[in-house]
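Summary of structural features
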Amino acid sequence: MGIIACNSKGEARVSGSISEEISKLLTEAFAPTKLDVINDSAQHSGHAGDDGSGESHFTIVIEAPAFAELNRLARQRAVIAALGDIVGERVHAVAIKASAP
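Residues numbered from 1 in each chain as written. Predicted model: local features only at pLDDT ≥ 70, side-chain atom pairs only at ≥ 80, totals over all residues. Heavy atoms only, no water.

So, on to the overall build of the protein chain. When helices and strands are counted, the protein chain shows three helices and five strands. When each of the 101 residues of the protein chain is scored for burial, the buried share is 29%. Counting only contacts in the protein chain whose residues sit at least 6 apart along the sequence, the fraction spanning at least 24 positions is 57%. Summed over its atoms, the accessible surface of the protein chain is roughly 5,700 Å², and 52% of this surface lies on carbon and sulfur atoms. (Helix = DSSP H or I, 4+ residues; strand = E, 2+ residues; numbered from the N terminus. Buried < 20%, exposed > 50% of the residue type's maximum accessible area, 1.4 Å probe, protein only. Contact = heavy atoms within 4.5 Å. Areas by Shrake-Rupley, 256 points an atom, 1.4 Å probe, with all protein chains shown as cover.)

This is the structure:
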């Protein structure tokens, strides 16, 4: 995993790959029983939102007890909130499959 640094808003950020940062943030926020961060960027090469970084599109599969009382939309909102400025600013698209054990 990369070195922790701060962004311009003073938020902690892991230097290194965005997928590592996503994993770290979601692990800290939800203590998941399952977490897969899949980089789908190669499938979108040359499409809208492809910034050439190789880290523009992801699928997140997460299972955590924290999702037990939340519906699908609330789970997705919780994941997006935990990711801070990643979604929409640093990553073009994220597909989220969130469930409870």
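This part is about the environment of Thr59. Within the fold, Thr59 resides in strand 4 (residues 57-63). A C-alpha to C-alpha distance of 6.0 Å links Thr59 and Val37, two positions 22 residues apart in sequence. Leave out the neighbours within four places in its chain, and Thr59 touches Asp36, Val37, Ile38, Asp40, Ala95 and Lys97. For Thr59, the side chain forms a polar contact with the side chain of Asp40, separated by 2.4 Å. (Polar contact = N/O pair within 3.5 Å; in protein donor to acceptor, adjacent residues only side chain to side chain.)

Moving on, we come to the sheet that holds strand 4. Taken together, the three strands give an open sheet; going across it, the order is 3-4-5, and neighbouring strands pair in mixed fashion. The strands lining the two open edges of the sheet, one partner per strand, are strand 3 (34-39) and strand 5 (93-99). When the angles between neighbouring strand axes are averaged without regard to direction, this sheet yields 10 degrees. Pairing analysis gives six bridges linking strand 3 to strand 4, with the strands arranged antiparallel. (Pairing = 2+ DSSP bridges. Axes fitted to C-alpha atoms, helices over the stretch in contact; angles between N-to-C directions.)

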